[in-house]
Amino acid sequence: MVTERSAHATIVKLAQVGDYSVANWGDRLYPGVTSHLLRQIGLEADVTHFAPLPGATLAGEPIRPLREIRRTKVAAVLVGGGDLVRFDTTTVALDHMAIPEAQRHGRLLRLRAELFARRHFLNGPGVWLPEADWVPGAPTVLVSVGARRMAHDPRARAAVSRLKGVWVRTTHAARQFEAAGVSPERIVRAPDMVFAHPALSDQTRSAERGRQVVWRRLGVDEPLVVFHAAAFHGWPEARVEAALRSLTGLPIAVLSLGAHSGEDRALAAAAERTGTLALIGLKADEIVCVLASAGVVFTTSMHVAIVAGSFGTPVLTPGVPKTAEAFSACPTPPQVEEVSDEDLADTVRARRGKRSDHDHAPNAAAATKAFESVLTMAGVL
């Protein structure tokens, strides 16, 4: 095991790999929550972060490009969290290029994406499933990951077979890994890591800060209707615009989670055409707090539903299987209500301000236990 001695304890050196440099709020939460979980289990660790593009975590720690990881010396590699077990490399490249969903067509764009992939990704069946070990000789575990439809060809099975442990968010993902040859004892199904976000433990403070953000940004001092929808979940600008028009007369603002898939531009454009307020470019912790203080949240995002629902904020969704599947892993799933486009306006008005008394602690505890389990599989604990 690669460690360093401090004056008081042994520091374990870890590498964490994920999508942390993409302009998407949910992905960028993971390094900070990982640090929180390490403190929760009492493991002192020196974590180096890697992603397709260089950058910085929300805490200001450097994010190094993937291609530098094999020059590091660590005790283990943590891959996750996020929806990382996927084999659509071109789509991942387009996400990092921040190409709007509606513009993703044409041979030239595909060639640009393939060039981006060659420059920034490692060779393998998937971006986060390389053909060779991330770090030679260091065990790899997946932490809090989702799985798209997995390829079961020899390259994919070989990449998956090297994993020492897998923490998945859904039963579907667990079955995918079993079908790929991972033994059930190496698979842990547990809530997403974001259920353990430290802000959820101080709900009063988070909500008060959220009210301050809304007042400062929008001049609104009543429970806000927060609207978020992404094109890749079936919400192009025209559908967003129709929904916003149906909510006229309410204190409503669109919320962007980043430039991922051009989401910020699409939501801002629909808001401008309908005269709707907009929360674009908020800091990650501001988004957390706005969700804590909101009167009701409509979203296609699993992570928005996790955070808002864990605060007891009313959450409406158009029916996103990814969210429903992730919540099924929770000991105490937050309340989320599915709503149609036709019923959206009436349901928003009926649910606004009617908070639930939700205890997020069992979900956080289950995520912490899963984290301990995969670190044990990696030989770190």
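Use the structure listed above.
First, a word on what this report is: a plain description of the structure on this page. (Residues numbered from 1 in each chain as written. Predicted model: local features only at pLDDT ≥ 70, side-chain atom pairs only at ≥ 80, totals over all residues. Heavy atoms only, no water.)

Quick notes on the overall build of the protein chain
The number of helices and strands found in the protein chain is 13 helices and 15 strands. A compact globule built from 381 residues would reach a C-alpha radius of gyration of about 21 Å, and the protein chain, at 21 Å, matches this within 12%. Referenced to the eigenvectors of the C-alpha coordinate spread, the extents of the protein chain come out at roughly 60 × 55 × 35 Å. Looking at the protein chain as a whole, 55% of its 381 residues are labelled buried. Of the contacts made within the protein chain by residues no fewer than 6 positions apart, 71% connect residues no fewer than 24 positions apart. Accessible surface computed for the protein chain: about 16,000 Å², of which carbon and sulfur atoms make up 49%. Across the protein chain, the 43 positively charged side chains and the 39 negatively charged ones have centroids separated by 6 Å. (Helix = DSSP H or I, 4+ residues; strand = E, 2+ residues; numbered from the N terminus. Rg over C-alpha atoms; globule rule 2.2 N^0.38 Å. Buried < 20%, exposed > 50% of the residue type's maximum accessible area, 1.4 Å probe, protein only. Contact = heavy atoms within 4.5 Å. Areas by Shrake-Rupley, 256 points an atom, 1.4 Å probe, with all protein chains shown as cover. Lys, Arg positive; Asp, Glu negative; His and termini not counted. Charge placed at Lys NZ, Arg CZ, Asp CG, Glu CD.)

Points about the environment of R273
Mapped onto the elements, R273 comes out in helix 8 (residues 263-274). Overall, the relative accessible area of 41% leaves R273 in the partly exposed class. Note: C-alpha distance between R273 and R67 (206 residues apart in sequence) is 43 Å. Ignoring any residue separated from it by four or fewer positions in sequence, one finds R273 in contact with E237, E241 and R245.

Things to note about the packing of aromatic side chains
Evaluation of the coordinates by the stated rule reveals 6 aromatic pairs. Consider the rings of F227 and F298, whose centres lie 5.0 Å apart with planes at 20 degrees: the pair is stacked. One end of the pair, F227, is in strand 10 (residues 225-227); the other, F298, is in strand 13 (residues 296-298), and 71 residues separate them in sequence. Taking the relative accessible area as the measure of exposure, F298 reaches 4% and is therefore buried. When the ring of W235 is compared with that of F298, the centres are 5.3 Å apart and the planes differ by 65 degrees; the resulting orientation is edge-to-face. Here the residue W235 occupies a position in the loop between strand 10 and helix 7 (237-246), and F298 occupies one in strand 13, the gap between them amounting to 63 residues. F298 shares its class with W235; the two are buried. In this structure an aromatic cluster arises from ring pairing among F227, W235 and F298. A cation sits over an aromatic face here: R239 above W235, 3.9 Å from the ring centre. (Phe/Tyr/Trp six-rings, centres within 6.5 Å; stacked < 30°, edge-to-face > 60°. Lys NZ or Arg CZ within 6 Å of the ring centre and 35° of its normal.)

Comments concerning the sheet that holds strand 15 (residues 337-338)
Ordered by their spatial adjacency, 6 strands build an open sheet running 12-11-10-13-14-15, and the pairing between neighbours is parallel. Edge strands, defined here as strands with exactly one partner in the open sheet, are strand 12 (277-279) and strand 15. Relative to strand 11 (residues 252-255), strand 10 runs parallel, the two sharing 3 bridges. In the sheet register, V225 faces strand 11, and the bridge partner there is I252. Contacting strand 11 and strand 12, helix 8 crosses the sheet at an angle of about 160 degrees to strand 11. Sheet strands in contact with helix 12 (residues 344-351) are strand 10, strand 13, strand 14 (315-317) and strand 15, and its direction is about 170 degrees off that of strand 14. (Pairing = 2+ DSSP bridges. Axes fitted to C-alpha atoms, helices over the stretch in contact; angles between N-to-C directions.)

Brief notes about unusual backbone geometry
Note on backbone geometry: most residues besides glycine have negative phi, and most peptide bonds are trans. A cis amide bond, omega 0 degrees, links G80 with the succeeding residue G81. Among the secondary structure elements, G81 is positioned in strand 6 (residues 76-85). Here S144, not a glycine, exhibits a phi torsion of approximately 55 degrees, which is positive. Checked against the element boundaries, S144 lands in strand 7 (residues 140-147). Of note, the phi angle at S261 is positive, near 60 degrees, even though the residue is not glycine. Looking at where S261 falls in the secondary structure, it is placed in the loop between strand 11 and helix 8.

What to know about the nonpolar core
W25, W167, L291 and F371 are the most contacted members of the largest nonpolar core, which totals 67 residues. With 42 residues, the next largest nonpolar core counts I99, L109, A113 and A174 among its residues. (Core = buried A, V, L, I, M, F, W, Y, C linked by side-chain atoms within 4.5 Å.)

Overview of the pattern of salt bridges
Under the counting rule described, the total for this entry stands at 20 salt bridges. A salt bridge links R211 to E208; its shortest N-O distance comes to 3.1 Å. Taken together, the residues R211 and E208, both in helix 6 (residues 203-218) and 3 residues apart, mark about one turn of the helix. The salt bridge partner of E337 is R351, with a shortest N-O separation of 2.7 Å. Of this pair, E337 sits in strand 15 while R351 is found in helix 12, placing the two residues 14 residues apart along the sequence. Classification of E337 by relative accessible area gives partly exposed; the value is 27%. (Salt bridge = Lys/Arg side-chain N within 4 Å of Asp/Glu carboxyl O.)

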